[in-house]
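Topology and contacts: notes
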Number of protein chains: 6
Amino acid sequence: MTQQKVVTFGEVIMRLSPPGFDKMKQSRSMEFFFGGTEMNVAGSLAQFGLQVQHVSNVSNDFVGDAAISCMQGYGIDVTHINKVNHPLGLYFMEAGSGLRASQITYNRLHGSFANISPDLVDWEKVLDGCSLLHWTGISPAISEGAYQTLKQGLTLALKKGITITADPAYRSNLWQYGRSGHEVLAELIGLSTVFIGGVNEVNEILGTAFTHDKDGFITAAKRLQETYPAIIKVYDKVRTGLSATHQKIFAQSWTENTYSKTEEIEITQVVDRIGTGDAYAAGLIYGLISGMNDPEAIAFANAACALKHTIAGDVNLATVQEIAEVANGNHSGRLKR
Amino acid sequence: MTQQKVVTFGEVIMRLSPPGFDKMKQSRSMEFFFGGTEMNVAGSLAQFGLQVQHVSNVSNDFVGDAAISCMQGYGIDVTHINKVNHPLGLYFMEAGSGLRASQITYNRLHGSFANISPDLVDWEKVLDGCSLLHWTGISPAISEGAYQTLKQGLTLALKKGITITADPAYRSNLWQYGRSGHEVLAELIGLSTVFIGGVNEVNEILGTAFTHDKDGFITAAKRLQETYPAIIKVYDKVRTGLSATHQKIFAQSWTENTYSKTEEIEITQVVDRIGTGDAYAAGLIYGLISGMNDPEAIAFANAACALKHTIAGDVNLATVQEIAEVANGNHSGRLKR
Amino acid sequence: MTQQKVVTFGEVIMRLSPPGFDKMKQSRSMEFFFGGTEMNVAGSLAQFGLQVQHVSNVSNDFVGDAAISCMQGYGIDVTHINKVNHPLGLYFMEAGSGLRASQITYNRLHGSFANISPDLVDWEKVLDGCSLLHWTGISPAISEGAYQTLKQGLTLALKKGITITADPAYRSNLWQYGRSGHEVLAELIGLSTVFIGGVNEVNEILGTAFTHDKDGFITAAKRLQETYPAIIKVYDKVRTGLSATHQKIFAQSWTENTYSKTEEIEITQVVDRIGTGDAYAAGLIYGLISGMNDPEAIAFANAACALKHTIAGDVNLATVQEIAEVANGNHSGRLKR
Amino acid sequence: MTQQKVVTFGEVIMRLSPPGFDKMKQSRSMEFFFGGTEMNVAGSLAQFGLQVQHVSNVSNDFVGDAAISCMQGYGIDVTHINKVNHPLGLYFMEAGSGLRASQITYNRLHGSFANISPDLVDWEKVLDGCSLLHWTGISPAISEGAYQTLKQGLTLALKKGITITADPAYRSNLWQYGRSGHEVLAELIGLSTVFIGGVNEVNEILGTAFTHDKDGFITAAKRLQETYPAIIKVYDKVRTGLSATHQKIFAQSWTENTYSKTEEIEITQVVDRIGTGDAYAAGLIYGLISGMNDPEAIAFANAACALKHTIAGDVNLATVQEIAEVANGNHSGRLKR
Amino acid sequence: MTQQKVVTFGEVIMRLSPPGFDKMKQSRSMEFFFGGTEMNVAGSLAQFGLQVQHVSNVSNDFVGDAAISCMQGYGIDVTHINKVNHPLGLYFMEAGSGLRASQITYNRLHGSFANISPDLVDWEKVLDGCSLLHWTGISPAISEGAYQTLKQGLTLALKKGITITADPAYRSNLWQYGRSGHEVLAELIGLSTVFIGGVNEVNEILGTAFTHDKDGFITAAKRLQETYPAIIKVYDKVRTGLSATHQKIFAQSWTENTYSKTEEIEITQVVDRIGTGDAYAAGLIYGLISGMNDPEAIAFANAACALKHTIAGDVNLATVQEIAEVANGNHSGRLKR
Amino acid sequence: MTQQKVVTFGEVIMRLSPPGFDKMKQSRSMEFFFGGTEMNVAGSLAQFGLQVQHVSNVSNDFVGDAAISCMQGYGIDVTHINKVNHPLGLYFMEAGSGLRASQITYNRLHGSFANISPDLVDWEKVLDGCSLLHWTGISPAISEGAYQTLKQGLTLALKKGITITADPAYRSNLWQYGRSGHEVLAELIGLSTVFIGGVNEVNEILGTAFTHDKDGFITAAKRLQETYPAIIKVYDKVRTGLSATHQKIFAQSWTENTYSKTEEIEITQVVDRIGTGDAYAAGLIYGLISGMNDPEAIAFANAACALKHTIAGDVNLATVQEIAEVANGNHSGRLKR
C-alpha cells in the first residue's frame, strides 16, 4: 500500500532581509528565502520523509521559477503550483535583537496568490490519495479568490473524510478585501477536524474571554468543540517572549476529554523567529500521522518548534531524529561527530 | 544670485539582483539599489554639484525610509517625496553576460508611485526657483494618476518658461491602465522644449518610418519640431549592442538647424548596463545648464553614458572631471594616484 | 501516453572554489556546487522540462542530503540515489583568467560513487519507461564497481532498444584501479548507439591518427561506425581555447552519411568553463528527443554549450527559449524586460 | 516659525572591522562605518527628525566624499564640512565577545580633523539659528587647532545664550599635542550649560574622590555647579559591563536640585557597543528640545542607549517611536508586522 | 643559549562550514580553516612566541600549499611537513546553536596524513633541540602508518629525556584500520611523561570506573601513575555543556601528590567550540615551559580554553597578555583602546 | 653550501578596496591586502622557493601583527621587521574598469615606515649571507629616515659585492619631506648594480629626452652606464595601457652591449593591476639568481608580470612552473586537472 500524501494550501511568499541585525538603510544586500505559513509546514513535513503536495500560485517569471526550485529542493511536490502573470508576494524583514523588535512590511495584496481562484485548482485531483489537508487563517485573509478556493477544498475534503488541520491565525491588518475575518474563520473552522490554537484564537473567533491558564484553555477547547462539532482535537502552543532573541515555549492539548502538557523549553539565542509556529504545526501533523499518542505528539511538536528557532529561513530543516532527541529532554547541544 | 534648481519627476524603484551573473534559482542573496529613470538623472546631477529636487512617492515603511536615505546620500533634495501606504515598486534583474541577455521582471503597477495623484504634488512650490524640469515616458505609463500629475507639472512649467527635457521611452508592455501610450506621449512632448531621443522614438510617436542614418535622424528631428513647435533641440544617442557586456555608443544632435556628432566609444567589459541612458540625459542636462555648446554637450553626455557602464547601480557616480577626461578622448583608464 | 524518461548514471561530486579568481592560499571561503558530468546533463534536461532520473551514490550524511536537495531543486528524480557510508567525492578548483589556467585537484577515488556496485542498482526498475540512457567515460574510470554497474546497465538498455548516448571522455590520470581505459571504453562504446565525440576521441579509442579537419572527422566517424555497428550517429563539438576566458566553439555531425556543421560562436567573457561539454550533450539529447533534424540539433547543442559559459556552477540553467534564440543567431545579449 | 537647528562639532572618523568576531590576522575584508562621537549624536538627532548641522573637516579625496555622502544619507546638513588635503582619521576594531574584550587602534593624529583651525569655521554663520551646540572632550584632545576652534565656538555660543551640552570624555592616551587634558576640559566646561557625565567625570576634572552611589553623584553634581556656575543641569548614565556582550545601564540626573533615576535595562546580546554613549546624549538632547521633563528625558535617553546596543555601526538608527516604547517599559522585542 | 623548540605531530585537516548557523542544504558557500588537534596546539604556542615545529603530511597540490601557508602565517615551522600524492583530510561542520547540536562528518581516512609512515619522518633531526613533544590519541587512530610513526618518535623522545605531553582523545568511531584503540593508547601513554586528561580518559584506558568528583580524579590520577610510572603529572579540564552556545569549564591537576583546581569560567555566547581542548593543552604547555607553578599553569590553561570559545577557527589566536588577564579574574570584556 | 638570501627593504602598506568595481560611497565593506612595492617582490620570490628577508617597520598593534602574519604566510623571513608606535601606512583604491581609471589615495606619510631610521636596522646582520639586495625609489621618497636607512644599506652592500637591483619609481607627488627626488635617486642609483627601468626613468633621472623606441632605449641605457659605472645591466618593461582592464607588455634589456626583447603579451581581462611591476622585478631577480641568460630572464620576468594581472592582491602568487609555461608561449589558459 502506498503512503498517503499531505496537502497544504497557501501563499508562497519571498522574505527579504538585510544581513544580521542591519537595517535596510545601512545595507546593500539582502538574503532571501521562500516560505509562507502553509508552505513552511509542507517543507518541514517533506524533511520528515512524508509525501507532501503544496497548492498555490507563483509568478510566471524567473522569481516564480526560483520559488518552484526551492520547493522541489525541500522535496515538496509542485504538480499543483500554477504560474500566473502577477508578481510573487514578498515581505521585507529587519531582524531585531534583544529589546529591539523585528519589523516586517508586506507586498502581497496584488500578488500571485491573491489572484488564485477556484478554477485554478482541481481539488478532486489534488485530494486524490490525500490523508490530511492543512490550512491557516492567513490564506482566506488575502483575497476573495483565496477564500473561495480554500472553502471549496475544505468542503470536498470534509466530505471525503480527510483529516483537516486548521491553524487560525487571525491578523487584523490583513482582511482588506471586504469580508469579516471573524466570520470567514468561523465558517472554515466549521469545515475542519483538528484545531491548532489556544485561548487567544478561541477568544478571537468566538468573541469569548477565556483566561490564559490551564482551566481557561480546557474550557475554551470544550466551547470550541461544542460550537464546531467536526473539531475533535485541540492543540495549543504557549509562547513567552522575553526578548526578540530569548523565548520560552510549551505545548498543551485537549483531546478525547484529556488535557496534556509538555515541559517548557527555553531558547536563549534565537537564530530565526519566523516559521516557528509552522514548525509546531508540522511536528504535530507528523505526530498525528505517525501514530504518536497526544503527549508524545505535542512533545515532538514543541521540540520541533524550539529547534526551528535555531535554523535560518522560514522552513524547519530539523530531522525527525534531531527533534526526537530534544523531545526526549536532551537540550545540551553536544557536538556530534 | 542663488543657483536655480533642476526638478525631476518619476518613480523611485528598487532593483534586486543576485550577485554576479547568478540566476535567482541558484542564489540566496540579492544586492539592491534604489533608482528609477528620472531619479537616476537627479542622482547624477547631484554628483555634478547641481541643486536637484526629485518629486515622487515612496512607501510609508522602512523600505521607503531606506529609499529616502539613499537619495539624500546622493545629495538629492527630498522635500517633495511623499510617504504613502503602498509598497515601493521594485524589479528583479538577472544580469546576463556575453550572449546571455539580462532579464528583468517588475512589481510596480500597484506601488507607491502608481498611487501618486495631482493633489499630492504642489507644483507651484516645486517649480519655484526651478530652471529645468526633466521627465521620461516611463512615468505616464504607470498609472492615470502619474499621467495627470505629470501633465499638470509640465503645463505649469511651460507657462513659466522653464526648460523641459523629455525622454520619451516608449515601452509597449507598460501602459496597462487604459490610455494609449502614443497619444499620451504625443501630448506631453507637445508640452516640452528639449527632446532626448532619435529615429526610433520619433517613428514610434509620429508613426513615421525614418531611416536610421544621419539623414533619417535630421529629417526625423525636423518633422518632430514641425509637429511640436515648443521643441527647440533634439539630442540622440545611438547604441550598438554587440553582446550583454560589449557595447558601442555615440551621440548626435539637431539644434538650430545644425547637425553634430560625437566619436563612437566602445565599452568592452560592461559592469552595469542599467541607467546608462539616464547618465546620458544627466550629462546632457549638465551641458545645457553649464553653458556648453552642442558638440561639447553631446560629447560630455556620451562620455557620461560610457562611464556609467563601468559603475554598479542605477545612478552614475562619475564626476564632472572624470567625464570631461573621457569626453576629451582619454580612454586609457590609467591608474590615478 | 506518458512521457518517457531519460536516465543518467554517474558520480555526484562537489566542487569547491575560492571566490572570483582567488587562489586558495589567499581565501577564507569557498563557493560550492554539486555536479558531475552525467548529473550535469540530467540537470540541464530537467530545466528543459524533460523527466530525468539520475542513478548514483551519495554519502550518508548532511553532505549527501545537500546533494540530494540540490538535485531535487533542479527537478531531477532522485529515487535511485543510494546513501552509503563513504564521503561524497569532491574537487577543488582555482579559477584562472586570461592566460592563467584554472586548476583542479580531486578527492574522489574512495568516495561514495567509487563504492557503487551492481547490487546497488536495480537496472530493470531504472530502465522501465526509459527512452534514453546517457553515460560518459568518467564513470567507468573511477572504480571496478562503477565499471561493472555501468556495463550491466548498458547491456540491458541495448537489449531493450533504448537509445544510448556515449560521451567517452578519456582522462589518462583517472583509471587507477587496474583496468585499461582504452579497452573499457571500447567495450562500452560497443554497447552504445550515439557517439558524442570527435577526432580526438576516436583517435584515442581506436589508436588512429585522423586529422582534425572536416575530412578527418568524417573518416573517423565512418571508421567508428564500422568498428561499432551499434553506433548510428556521431556528434562532435570543436573548441578553440584562446584563453581561460575566451573561447570559440562549433558543432558538427555525421549521421546517415551526411555531414552537418554549425556556425562558430565566440564567448569573450567566460563566467564558468565547467560543464560546457555536458551542456552540449544535454542540448543534443533534447534535440534528439524533441525531434529536431541534425543541423537543428547540433545548432541547439552548440548554443546550449555557449550559454553555459555564462552561467555559474556545473549545470546549465538556460531555458529552451534562451537557447533557441542563440541557436537562431541572436548573440546580442539585449536586455529583456 | 522655523525649527531651530542643533550644531555638533567634532571629528568624522572611519571605523574598519573584520566581520563578526574575527581578528584581523584571519580576515581578508573589513566592514566600515563613518562616525565620530559628535557626528554620532548628529546622526541620531537627524533620525529623530531634527535639523542638525555637523562642523568638521574631511579628506579631499573619495574617502572624504564617501563620508559626506554617509552624513547626507543620515540627513545631516554638511554645509560646514571642509575638504582638506589630509587623510581622514580612522580606527580599526576587532570585536570581542563574552570575556574577550574588543580592541581598537587609531590612526587619527595627523588626519583631516586634527588639521582644523579657527579660520576654517565661520562660527557666526554656523551658530545663526542654532538653539543647541554639542561637544565632547574628544575634540580638544586631538590637536591645538581643534581645541582653539572649539573654544571659539563655545565662547560665541555662550554669549548668544545657546544651550551647550558638554560630554567630557577624558581619555588619557589622547592629549598628545602638549596641553593638559584636565585644564582644557575644565576651561571648556566652564563655557557650557549642560553636563553629560557622572562621578567618574567629575572626579577626573575636579580631582575629587566622590563615591559611586546616589549620594556621591548628587554631591559631585553640586560641586560641579558650584565650580562652573553656567552648568545648570547634570545628566549621567551608569553602565555595568558584565561581559563584552552583556551590559546593564541606567540613567540619573541632578537638575533644579532634584534627583531622578531610571530603571536599569539589561542588554544580553550586544550587537555593537560603539556609540552607545552618543546615543544616550542624542536621546537626552531630543528630550531637552522636545520639552520632556527630566525623568522622561533620562528614560528616553537610557532607552536610546539600550537600543543602540542592538544596531550595527556608530550611529543610532532607532526611531523616536521605537525608543519611546522601550522607555515605556516594553522590552519584549515582539515582532511588528 | 637558544630557545628550545616544541614539536607537535598530527594531521593537518581542513574544516569546511556553511556561514553562521546555516545547514549545508541551504548554503552556497563555506568558510574554511586549517587545523587538526595537534596543529592547533602548535598554532597557539606560536602565537605565544614559542618556537614550534609541526610534523605532518599535506597534499601535493594547491590545497596542501594553502595549508602550509596557513601554518607559516601562524608562525609554525613547516620544515618537516611532507607533500604527498593523497588529498588533504577534511571535515564538514554544520554549527549548531542553543539546543541544536553542531554536526561533523569526516573525509580523512585515505588522506595525506593517513599515508604517513616512519620513513617520511627523520625523528633524529626533528627532535634535535626539542624540549617538549606533544601528541594526542587522534593520530594513532587514523592509520597503522600514523601509529608506527608516532611510536617511533615517542620512543626516541623518551630516551632523550624530552617532556612528552599526551592528550588521549579516545573516539570510538575512529580506529578503523584494525588495531584496538585501548591497547594502542595504553602503549603510547606508557611512553609519555605528562597526561592531559581526567576521569573519563583514565576510565576509558584502564577500564576503571572512577567517579567524576575530586576524589575520583585524585584516585584515577594515582592509579594512572602507578600503571605508567613515566607519567609524573596529570592535568584535567572539566566541561559542563549547557547548550551548544553556553558552556562552563574549570581545570584541576594532580602533580607531586598535590591537588589544584581553578575557578569555573562561564561562556555564554560561544563563537567557535572547535579547538578549545587544544587551546587548553597549549596554555598548559606554555605554563610548563615558562615556569609557572601548577595552580598558575592550570589557571592560564583554563583561561586560554575559555578565550578560544570566542575566536573563530581551530587555532587559539589569543595572546599571553589577553589570557593572563582572564586568568587573573577579569572577565568583563571591557573595550581596549 | 646553503642558499644565499635575497633582502628587500621598503614599506609594508595595507591596501583597502571596495568589492568589485564599486566606489567607496556605495560600499559598506572593503577587501584588504598587505603589500608595498619591495615586499611584493619579496613575496613573489618566496613563492619561487627562494629565501628572502624583508626589512621594514610595522605598527605595534594588531594591524602590524596581521601584516607580519601575512608576510610569514608568503614565506618571507620577518626577523628584521620592527614594531613601532606609529600606525601602519595604508591606501584606499577604487578599482576602475575599461575607460574608467582606478583611483588611489594614500595615508602613509606619518606611518610606521616613515618613522624608520638607521638605528633600527642592523645592516651588518641583515646583509650577512645575502647575495642580492633590492630597493625601489618609493622608499627614499617617504622620509629622511627611510632615505638615510636605505643609503646606509646600499653603501654596505656595494662594499660587500652584493648584487643591488634598483627600481627607480619616481613619483613627483611623493618627496614631501624636503629632498629633491632627482638628486636622491641619482645618488642611490650610483650605489646599485642592476637598473630596472627604461627610457622614462632615465630621462627622469638624467634630465635627458631619449626617444621611446629601441634606439632610444639603447642610447639611454648606455648613457646611464656611463654616468653610473656600477650599473652593469639595464632591464626594461614597456606597457601599453589600452584601458584599465586591457594591457600589453613586453620586456627588453641592454646587458653586455647586447639588446634583447621579448614577445608582447596581451592581457584582456585584468583582475588586478597593482604589483605587476613588482612581479616583473621578482621574475627578473629569479632569472638572475637561477642563472638564466638575459633573453630567458626577461621572458620569464615578462610572463611573471603578465600572470600577476590575473591574480588579486599585491603579491604575485604564480609559481615558477606557471610562469615558465607562459614564458614558453602557452597563453591558452587551458584547464589543468
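All values reported here derive from a predicted model rather than from experimental measurement.

This next bit is on the relation of the copies chain B and chain F. Turning chain B through 120° and shifting it by 0.0 Å along the axis lays it on chain F, with an RMSD of 0.0 Å. Within this description, the copies of the chain are treated as partners about a three-fold rotation axis. Of every C-alpha in chain B, the one belonging to Gln 269 of chain B sits nearest the axis of rotation, 4.8 Å from it. The overlap is low: 5% of the interface residues of chain B also sit at the interface in chain F, so different surfaces are used on the two sides.

The mixed open sheet is built from 8 strands, whose spatial order is β7(A)-β6(A)-β2(A)-β3(A)-β3(B)-β2(B)-β6(B)-β7(B). In this open sheet, the two strands that pair with only one neighbour each are β7 (103-107) of chain A together with β7 (103-107) of chain B. Shown here is a sheet whose adjacent strand axes are inclined to one another by a mean of 30°, direction ignored. Where strand β6 (residues 90-94) of chain B lies against β7 of chain B, 5 bridges are found, and the strand directions are antiparallel. Its bridge partner lying in β7 of chain B, Tyr 91 of chain B is registered against Tyr 106 of chain B.

This part covers the sheet that holds strand β7 (residues 103-107) of chain F. Judged by pairing direction, the sheet is mixed, and its 8 strands sit side by side in the order β7(D)-β6(D)-β2(D)-β3(D)-β3(F)-β2(F)-β6(F)-β7(F) without closing on themselves. Strands at the two margins of the open sheet, each flanked by one partner only, are β7 (103-107) of chain D together with β7 of chain F. Direction aside, neighbouring strands of the sheet carry axes that sit 30° apart on average. When strand β2 (residues 13-17) of chain D meets strand β3 (residues 29-35) of chain D, the two strands line up antiparallel, connected through 5 bridges. By the bridge assignment for β3 of chain D, Ser 17 of chain D is matched with Glu 31 of chain D.

Residues and elements named next belong to chain C. At their nearest, the axes of helix α1 (residues 37-47) and helix α9 (residues 276-289) sit 8 Å apart, and the two run at 45° to each other. The orientation of α1 with respect to α9, classified from their angle, is oblique. Pair α1 / α9 crosses with right-handed handedness. Each of Thr 37, Asn 40, Val 41, Ser 44 and Leu 45 in α1 lies in contact with α9, whose residues at this interface are Asp 278, Ala 281, Ala 282, Ile 285 and Tyr 286. Here the contact of α1 with α9 is built from residues that sort into 6 nonpolar, 3 polar and 1 charged.

Attention now moves to the packing of aromatic side chains. Per the stated rule, a full pass over the model turns up 54 aromatic pairs over all chains. Ring geometry for Phe 9 of chain E and Trp 123 of chain E: centres 5.7 Å apart, planes at 50°, overall tilted. With a gap of 114 residues between them, Phe 9 of chain E in strand β1 (residues 5-9) and Trp 123 of chain E in helix α3 (residues 123-127) connect regions that are remote in the sequence. Trp 123 of chain E carries the same exposure label as Phe 9 of chain E, and that label is buried. Joined through ring pairs, the aromatic side chains of Phe 9, Phe 113 and Trp 123 of chain A make up one cluster. In this structure, Lys 261 of chain A is placed above the aromatic ring of Phe 250 of chain A, and the distance from its NZ or CZ to the ring centre is 4.7 Å.

Right, let's talk about the environment of Arg 100 of chain C for a bit. With respect to the secondary-structure elements, Arg 100 of chain C resides in the loop between β6 (90-94) and β7 (103-107). The sequence separation of Arg 100 of chain C and Val 270 of chain C amounts to 170 residues, and the corresponding C-alpha distance is 13 Å. Beyond its immediate sequence surroundings of up to four residues, Arg 100 of chain C is in contact with Phe 21, Lys 23, Ala 95 and Ala 244 of chain C together with Leu 307, Thr 310, Ile 311, Glu 322 and Gly 333 of chain F. A polar atom in the side chain of Arg 100 of chain C sits 2.8 Å from the backbone oxygen of Phe 21 of chain C.

Next up on the list: the interface of chain B and chain F. With 21 residues of chain B at the contact, the number on the chain F side is 24 residues. Area buried by chain B at its contact with chain F is led by Gln 269, Leu 335 and Arg 337 of chain B, which between them contribute 32% of it. Residues Glu 322 of chain B and Lys 23 of chain F are paired through a salt bridge, measuring 3.9 Å at the closest nitrogen-oxygen approach. Counting across the chain B and chain F interface gives 8 residue pairs in polar contact (both at pLDDT 80 or more). Listed by contribution, the elements that provide at least two residues to the side of chain B that touches chain F are β14 (265-267), α10 (294-308) and α11 (320-327) of chain B. Per-class residue counts for the side of chain B that touches chain F are 10 nonpolar, 6 polar and 5 charged.

Criteria and cut-off values
Residues numbered from 1 in each chain as written. Chains lettered and ligands numbered in written order. Predicted model: local features only at pLDDT ≥ 70, side-chain atom pairs only at ≥ 80, totals over all residues. Heavy atoms only, no water. Least-squares fit on C-alpha atoms with pLDDT ≥ 70 in both. Contact = heavy atoms within 4.5 Å. Pairing = 2+ DSSP bridges. Helix = DSSP H or I, 4+ residues; strand = E, 2+ residues; numbered from the N terminus. Axes fitted to C-alpha atoms, helices over the stretch in contact; angles between N-to-C directions. Parallel < 35°, antiparallel > 145°, perpendicular 65-115°, else oblique. Left-handed = near helix turned anticlockwise from the far one by under 90°. Nonpolar A, V, L, I, M, F, W, Y, C, P; charged D, E, K, R; others polar. Phe/Tyr/Trp six-rings, centres within 6.5 Å; stacked < 30°, edge-to-face > 60°. Buried < 20%, exposed > 50% of the residue type's maximum accessible area, 1.4 Å probe, protein only. Lys NZ or Arg CZ within 6 Å of the ring centre and 35° of its normal. Polar contact = N/O pair within 3.5 Å; in protein donor to acceptor, adjacent residues only side chain to side chain. Buried area = accessible area lost by both parts, 1.4 Å probe. Salt bridge = Lys/Arg side-chain N within 4 Å of Asp/Glu carboxyl O.

Functional significance is not addressed by these values, which are geometric in nature.
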